[in-house]
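Listed below, chain by chain, are the residues.
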Amino acid sequence: MGTRTSIEEIVGSLESGMTIGIGGWGSRRKPMALVRAIYRSAIEDLTIVSFGGPDVGLLCAAGKVRRVVAPFVTLDSIALEPHFRTARQRGAVEFTEYDEGMFMFGLLAAAHRLPFLPTRAGLGSDVMRVNPGLRTVRSPYDDGEELVAVPALTMDVALVHMDVADTRGNGRYLGPDPFMDDLFAKAAGRCFVSCERMVEPGELDGPPQTLLVSRMHVAGVVETPGGGHFTELTKGRDEAFQRHYAASAAGPEAWGAFADRFLSGDEAAYRKAVRQWHEEGR
């Protein structure tokens, strides 16, 4: 069962060289307050497993990432995450690219503590060419079908962001899509939940199917109002600020100015800087 914790305690429990799964999807419901805290830390040499968005891009820009495992890295309204693209073009990070279905099966395998799961996804595609380590298996039944054996996406830690959570770690989403956050929570050795709003046990009102993350899979939960910014939550995405973030990939000078203004302090300083940026009319 999860316990109430802090951003500092969560990131303080992480170590360089870990494999960290990050929930959400593209630029939607990402635990950005925790990602920004990793940015400010001394942690490095990470493997990031994610339906990638600005979580991947920000950590690549900070030089924290050794390998990315993902089906895509996008900002949704901006097709390719620019900081990730820059890191790849420089050869700064390795990339293991899976089909979305394969990625889901990798999470499922890890969640069920299996070494792999078979799937048709990826057969006949370049996914097999760019991942020469992938193997196939043949069905032991009469059909004898050849299938891709997707290896388990095992992770040391998963970080997910919920709209609402209780103090025990149960998490509810309020938007239209649960993404795969429940699989990340089950697949990792430990899972930490950040949330926009925290309530007491029994106060998670709403349809039962929106209760996505169970306290049984959560090591700690932290309230982070605005902690998903600038990604899409129930009130939408801060598209203007996302464009500003994307523009900071233009070069070292642009990135330095962005980082100095928005990432040089703690989470409260980040929120203040964003608010002032909007007030100044950008």
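Parameters at a glance
- Residues numbered from 1 in each chain as written.
- Predicted model: local features only at pLDDT ≥ 70, side-chain atom pairs only at ≥ 80, totals over all residues.
- Heavy atoms only, no water.
- Phe/Tyr/Trp six-rings, centres within 6.5 Å; stacked < 30°, edge-to-face > 60°.
- Helix = DSSP H or I, 4+ residues; strand = E, 2+ residues; numbered from the N terminus.
- Buried < 20%, exposed > 50% of the residue type's maximum accessible area, 1.4 Å probe, protein only.
- Lys NZ or Arg CZ within 6 Å of the ring centre and 35° of its normal.

Enquirer: Which parts of the structure should I look at to understand the packing of aromatic side chains?
Expert: Pairs of aromatic rings are described using the distance from one ring centre to the other and the angle between the two planes. If you walk through the whole model with that rule in mind, you get 17 aromatic pairs. With a centroid separation of 6.4 Å and an interplanar angle of 75 degrees, the aromatic rings of F51 and F184 are classed as edge-to-face. Of the two residues, F51 sits in the loop between β3 (46-50) and α3 (54-61) while F184 sits in helix α7 (residues 181-187), which places them 133 residues apart along the sequence. Judged by relative accessible area, F51 falls into the buried class, the value being 1%. Here F241 and F258 contribute two aromatic rings whose centre-to-centre distance is 5.7 Å and whose plane-to-plane angle is 45 degrees, an arrangement assigned as tilted. Note that F241 is positioned in helix α8 (residues 239-247) and F258 in helix α9 (residues 252-262), a separation of 17 residues in sequence. Exposure class is identical for F241 and F258. Each is buried. Joined through ring pairs, the aromatic side chains of Y39, F230, F241, Y245, W255, F258, F262, Y270 and W277 make up one cluster. Seen from the ring of Y270, R36 lies directly overhead, with NZ or CZ sitting 3.7 Å from the centre.

Enquirer: Just to check I follow, could you spell out unusual backbone geometry for this structure?
Expert: In most cases, non-glycine residues show a negative phi, while peptide bonds are predominantly trans. That bond from H229 to F230 is cis: its omega, 10 degrees, falls within 30 degrees of zero. Here the phi dihedral of D76 falls at roughly 70 degrees; this positive angle occurs in a residue that is not glycine. Mapping D76 onto the fold places it in the loop between β4 (65-70) and α4 (82-89). Of the residues examined, D76 reaches a relative accessible area of 26% and is grouped as partly exposed.

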